[in-house]
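Residue-level structure breakdown
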Amino acid sequence: MNILIKYTKLAIILLVFTVITGCGIYKKVDARKVPPNVNDRVQKNIQEGRSFKLFDQEKNLMGGNFQFASSNELWRASLDVIDFMPLSSVNYSGGIIITDWYTDNSSQNESIKISIRFLTNEIRSDSLDIKVFNKKCLDNLLNCKITEQNSLVQELKKEILKKAALYKEQNQGKKKKRNKSRFISK
């Protein structure tokens, strides 16, 4: 019985090997006919019809839309609004900004910390999860009490969304100008 299984596996491996080599995957190539530059090879393969697309870039069928942080209006606006505060942790791919404790000169025993979590890249009121923590200390950073402050959250969210909307409007204006200049130059 074991011999039969062993020969069956061997036959399947030989069959797969024969099919793969018969398909022309392993062809001998003359190195003198292949351009050494990667971009030239890509262009040659496209011209010869040996290219394919897994996903259509126009329809954004990919698993995620990863942009540069500078092109995300919501991200830029958030950083601009809290730019006066020292940052403790900033992670674009994780979608979170955490500031360090910030103390104003007027009150040394009181400081705030802001945490902004991005739920989506769209400019909507529910796309941000903002938490503001207030720390009040009695004796020079001793005997401190930390509470969550909700009054500042709505003001921050409103300011971030306003700036993000302005950034988006500016970006759309730039895109329109670029598209117009492409048509004019050709």
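All right, on to the overall build of the chain then. Broken down by element type, the chain carries four helices and five strands. Counted from the first residue to the last, the chain has its helices and strands arranged as α-α-α-β-β-β-β-β-α. In the chain, buried positions account for 18% of the 186 residues. The long-range fraction of contacts in the chain, counting pairs at least 24 apart against all pairs at least 6 apart in sequence, stands at 38%.

With that out of the way, let us pick up helix α3 (residues 73–81). Residue pairs spaced three or four apart in an α-helix point in one direction, given the helix's 3.6 residues per turn. Taken as a whole, α3 has its buried residues at E73, L74, W75, A77, S78 and V81. With a side-chain oxygen positioned 3.1 Å from the backbone nitrogen of L74, the residue opening α3 is N72.

Looking at chain direction, strand β1 (residues 87–91) and strand β2 (residues 96–99) are connected through four bridges and run antiparallel. Paired with S89 across the two strands is I98, which belongs to β2. Counted between consecutive antiparallel strands, the loop separating β1 from β2 contains four residues, among which G95 sits at a positive phi close to 75°.

Position of N171 among the secondary structure elements: in helix α4 (residues 151–185). Classification of N171 by relative accessible area gives buried; the value is 17%. A distance of 2.9 Å separates a polar atom in the side chain of N171 from a polar atom in the side chain of E73.

This paragraph deals with the pairing of strand β5 (residues 142–148). Two faces make up the sheet, and in a regular strand the side chains alternate between them. For β5, the buried fraction is low: zero of the seven residues fall into the buried class. Where strand β4 (residues 128–139) meets β5, six bridges bridge the pair, whose relative direction is antiparallel. Residue K136 lies in a different strand from β5, and its bridge partner there is K145.

Where nonpolar side chains cluster on the molecular surface, the patch consists of I3, Y7, L10 and L14 and spans about 460 Å² of accessible area. Looking at where Y7 falls in the secondary structure, it is placed in helix α1 (residues 2–22).

What follows deals with the sheet that holds β2. Judged by pairing direction, the sheet is antiparallel, and its five strands sit side by side in the order β1-β2-β3-β4-β5 without closing on themselves. Looking at the sheet topology across the chains shown, the edges are occupied by β1 and β5. Averaged over all adjacent pairs, the angle separating strand axes in this sheet is 15°, with direction ignored.

The next subject is the packing of aromatic side chains. For the structure shown, the criterion picks out three aromatic pairs. Centre to centre, the rings of W75 and Y92 are 5.1 Å apart; their planes meet at 85°, and the pair counts as edge-to-face. Here W75, found in helix α3, pairs with Y92, found in the loop between β1 and β2; they are 17 residues apart in sequence, far enough to count as distant. On the accessibility criterion, W75 (5% relative accessible area) is buried. Here the aromatic rings of F84 and Y102 are separated by 5.3 Å at their centres, their planes lie at 75°, and the arrangement is edge-to-face. Taken together, the residues span a long stretch of sequence, with F84 in the loop between α3 and β1 and Y102 in the loop between β2 and β3 (110–118) at a distance of 18 residues. By relative accessible area, Y102 is classed as partly exposed at 26%. Put simply, the rings of W75, Y92 and F118 touch in pairs and so form one group of aromatic residues. Sitting over the face of the ring of Y167, R76 holds its NZ or CZ atom 4.1 Å from the ring centroid. Sitting over the face of the ring of W101, K135 holds its NZ or CZ atom 4.7 Å from the ring centroid.

Definitions and limits used
Residues numbered from 1 in each chain as written. Predicted model: local features only at pLDDT ≥ 70, side-chain atom pairs only at ≥ 80, totals over all residues. Heavy atoms only, no water. Helix = DSSP H or I, 4+ residues; strand = E, 2+ residues; numbered from the N terminus. Buried < 20%, exposed > 50% of the residue type's maximum accessible area, 1.4 Å probe, protein only. Contact = heavy atoms within 4.5 Å. Polar contact = N/O pair within 3.5 Å; in protein donor to acceptor, adjacent residues only side chain to side chain. Pairing = 2+ DSSP bridges. Patch = residues over 30% accessible without salt bridge, like charges linked within 9 Å, V, L, I, M, F, W, Y side chains within 5 Å. Areas by Shrake-Rupley, 256 points an atom, 1.4 Å probe, with all protein chains shown as cover. Salt bridge = Lys/Arg side-chain N within 4 Å of Asp/Glu carboxyl O. Axes fitted to C-alpha atoms, helices over the stretch in contact; angles between N-to-C directions. Phe/Tyr/Trp six-rings, centres within 6.5 Å; stacked < 30°, edge-to-face > 60°. Lys NZ or Arg CZ within 6 Å of the ring centre and 35° of its normal.

Just geometry here; none of it tells us what the structure is for.
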